[in-house]
Amino acid sequence: MNALKHVDNHMDVLITDLQKLIQQPSVSAKNEGIEECAKLVKSLLESSGLKSEILRLKKGVAPIVFAEIKSKSNPHKTLMFYNHYDVQPAEPFDLWNDPPFSGIRKGNKIFGRGSTDDKGELITRIKAVEACLATTGDVPCNIKFLIEGEEETGSTHIEEYLKKYKKKFSNDGVIWEFGYVDAKNRPIIGLGMKGLLYVELSVKESIRDAHSSLAVLIKNPAWRLIEAVNTLRNSDGKILIKDWYKEVSPLSKNDLKIIQKEPFDENVFKKEFGIKSFVGNKRGLNAKKALVGEATCNIAGFVSGYTGDGAKTVLPGSALVKIDFRLIPNMDPKKQVIRLKNHLKSKGFSEVKIKIYHGEAAARTNSSNPFVSQVKSAADQIFGNSILNVSNAGTGPMYSFVDILKSPCVSIGSTYMFSRIHSPNEFARIDLLKKTTKCICLIMENFGKN
Ligand SMILES: [Zn+2]
């Protein structure tokens, strides 16, 4: 395939373009450089031969950069690339060896905020399309780019955008914005993301803290909250809220086969965190199954009373806990909230206040969808090997794509596991950028053929 050779011969252009992208800060959390970066991305897409436009929702919302090119040879199938042009804040600045937006190259690495997440990933998609166009004057299937600017702040408006531009965004498959590459240089092909429900529970008993001798009379809100939280799950991690798992279906045989094949070194993992055992003493396959397909109820923080130096005999007036629930497919965050409320009431904790921060459903692409094998065979060809992952243990806005656009979503990319994304000295590996760009070329070809 000539496009692959073209990628080899034009890596210098890919690198310069990536450096330009990194040098344009685009921190969504601070609304820094968002408009400027959107324009830069648009111009990059256009110089690669795509028709591009900036889409808007309303004032104060980061624009989406959209681009499209129709295939002359196969105009019946459309592949979409979902990426984002915004980045995480670069703080703490003093831990960076070079300025965070330098884009400096050192050997096989390009450093800078966004070098991998997600500007590095984005550039591989753009350059793959460019390589096809430059060598054949065509693309193997219709291509669409949807590049948002709010991913790092939780993709707050992606659902609204997908609804508003549903027709424009229609496609037959989505390549997700990132894909991990493990320490052995094997790309991990991800087929799903868990959902998330983030809540705050609080109890306010008295109007102020009191002398702790009054604990004989005044109820302690910290105790009440601990008692309430203690009813949510058992020590094996099973959630005890009524009907919490009602709509969930078990992992399919195919999914189980994939999980079995997935490499997971328990001992290295335990060593990394300095722990001796897993929740519920899980081992082997059960640990892997949990990462892929188990829901969680996690205490993210608990605050009440005095936790400073020395002793203070105080009876706190209030207590607060933040809890994140990871959701698995078919758990509807709205329904789960109602179940949580009913649970607390039925257990006698109606004074516990609930504040909802975030609700997002899980998404999973069926592992037997032909799109999956098209991506896998491309990855195997370029990287020599690849790993299928039924679901990432984390959360992303994949459900909106599956639900609104009805698209199968597969994640594949150049994100080296230890490339310090979201941290100081984030870098992209040039060897992985090259391989991923080639892999995307093959994915487009496989997708167009089938
Ligand atoms: Zn990120």
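Quick caveat: nothing in here was measured; it's all calculated off a predicted structure. (Residues numbered from 1 in each chain as written. Predicted model: local features only at pLDDT ≥ 70, side-chain atom pairs only at ≥ 80, totals over all residues. Heavy atoms only, no water.)

So what's going on with empty space enclosed by the protein? Residues and values would help.
Evaluation of the coordinates by the stated rule reveals two cavities of 30 Å³ or more. Around the largest cavity sit His6, Val7, His10, Leu14, Lys127, Glu130 and Thr437, which together line it. Residues that form the lining of the largest cavity fall into these classes: two nonpolar, three polar and two charged. Approximately 40 Å³ is the volume attributed to the second largest cavity. In terms of residue class, the lining of the second largest cavity is built from five nonpolar, two polar and two charged. (1 Å grid on protein atoms, 1.4 Å probe; cavity = no way out; pocket = protein on both sides within 12 Å on 5 of 7 lines; lining within 4 Å. Points joined across faces, edges and corners; volume = space filled by probe spheres on them. Nonpolar A, V, L, I, M, F, W, Y, C, P; charged D, E, K, R; others polar.)

I'd like a rundown of the sheet that holds strand E7 (residues 173-175), residues and numbers included.
Taken together, six strands build an open sheet; the order of strands is E1-E2-E6-E3-E7-E19 and the sheet is mixed. Here the strands that pair on one side only, and so sit at the sheet edges, are strand E1 (51-55) and strand E19 (409-410). Of the strand pairs in this sheet, strand E3 (residues 78-84) and E7 are connected by three bridges, and their pairing is parallel. Paired with Leu79 across the bridge in E7 is Gly173. Sitting on the sheet, helix H3 (residues 34-47) touches E1, strand E2 (64-69) and strand E6 (142-148), and the angle it makes with E1 is about 165°. Packed onto the sheet, helix H4 (residues 119-136) meets E2, E3, E6 and E7 and runs at close to 155° relative to E6. (Pairing = 2+ DSSP bridges. Helix = DSSP H or I, 4+ residues; strand = E, 2+ residues; numbered from the N terminus. Contact = heavy atoms within 4.5 Å. Axes fitted to C-alpha atoms, helices over the stretch in contact; angles between N-to-C directions.)

Can you explain the side chain of Ser400? Please cite residues and give values.
Relative to the elements of secondary structure, Ser400 occurs in helix H12 (residues 398-405). With near-sequence residues (within four places) excluded, Ser400 lies in contact with Ile158, Glu159, Leu162 and Leu405.

Residue-level account of the domain arrangement of the chain, with values.
Domains assigned within the chain are domain 1 (2-191 + 365-449) and domain 2 (199-360). Here domain 1 and domain 2 have C-alpha centroids that lie 34 Å from each other. Listed per partner, the contact involves 13 residues of domain 1 and 10 residues of domain 2. Across the domain 1/domain 2 interface, buried area totals approximately 1100 Å², and carbon plus sulfur atoms make up 57% of it. Between the two partners, domain 1 and domain 2, sit zero salt bridges. Where domain 1 touches domain 2, the interface holds four residue pairs in polar contact (both at pLDDT 80 or more). (Domains from an automatic or database assignment. Buried area = accessible area lost by both parts, 1.4 Å probe. Salt bridge = Lys/Arg side-chain N within 4 Å of Asp/Glu carboxyl O. Polar contact = N/O pair within 3.5 Å; in protein donor to acceptor, adjacent residues only side chain to side chain.)

Before we move on, can you summarise the coordination of the zinc ion with the specific residues and values?
Coordination of the zinc ion by the protein involves Asp117 (OD), Glu152 (OE), Glu152 (OE) and His422 (NE2), with metal-donor separations of 1.9 to 2.6 Å. Here the zinc ion is ringed by four donor atoms whose angles at the metal span 54 to 143°, and the overall shape comes out irregular. Read in sequence order, the donor residues coordinating the zinc ion give the pattern D-x34-E-x269-H. Here His422 lies in the loop between strand E20 (415-416) and strand E21 (427-429) and Glu152 lies in the loop between E6 and helix H5 (158-164), a separation of 270 residues in the sequence. (Donors = N, O, S within 2.8 Å, 3.2 Å for Na, K, Ca; no water. Tetrahedral: all angles 85-135°; square planar, octahedral: opposite > 155°, others 65-115°.)

Before we move on, can you summarise the pattern of salt bridges with the specific residues and values?
Inspection of every chain in the model, using the stated rule, returns 25 salt bridges. A salt bridge links Glu227 to Arg224; the nearest nitrogen and oxygen atoms lie 3.6 Å apart. Pair noted here: Glu227 and Arg224 are both in helix H6 (residues 221-230), with a separation of three residues, about one helical turn.

So what's going on with helix H1 (residues 2-9)? Which residues, and what values?
Among all positions of H1, only Ala3, Leu4, His6 and Val7 are buried. Buried positions in H1, seen along its axis, are confined to an arc of 160° and lie on one side of it. Of the exposed residues in H1, those oriented more than 90 degrees away from the buried face are Asn2, Lys5 and Asn9. Lining the buried residues of H1 we find helix H2 (11-23), H4, helix H11 (370-383) and helix H13 (430-449). (Buried < 20%, exposed > 50% of the residue type's maximum accessible area, 1.4 Å probe, protein only. Arc of directions from axis to C-beta.)

Outline the sheet that holds strand E4 (residues 105-106), supporting the account with residue identities and numerical values.
Across the sheet, three strands lie side by side as E4-E5-E21; this open sheet has antiparallel pairing. In the strand order of this sheet, the two ends are held by E4 and E21, each with one partner. Two strands pair when backbone bridges link them, and E4 and strand E5 (residues 109-111) are joined in this way by two bridges, in the antiparallel orientation. From the neighbouring strand, Arg105 faces E5, where its bridge partner is Ile110. In the packing of H2 onto the sheet, the strands contacted are E4 and E5, and the crossing angle to E5 comes to about 20°. Its contacts with the sheet put H13 on E4, E5 and E21, and the angle it makes with E21 is roughly 60°.

Outline unusual backbone geometry, supporting the account with residue identities and numerical values.
In this structure, Pro92 follows Glu91 across a cis peptide bond, with omega equal to -5°. Here Pro92 is to be found in the loop between E3 and E4. Cis peptide bonds are those with omega within 30 degrees of zero, and the linkage from Asp117 to Asp118 qualifies with 10°. Along the chain, Asp118 turns up in the loop between E5 and H4.

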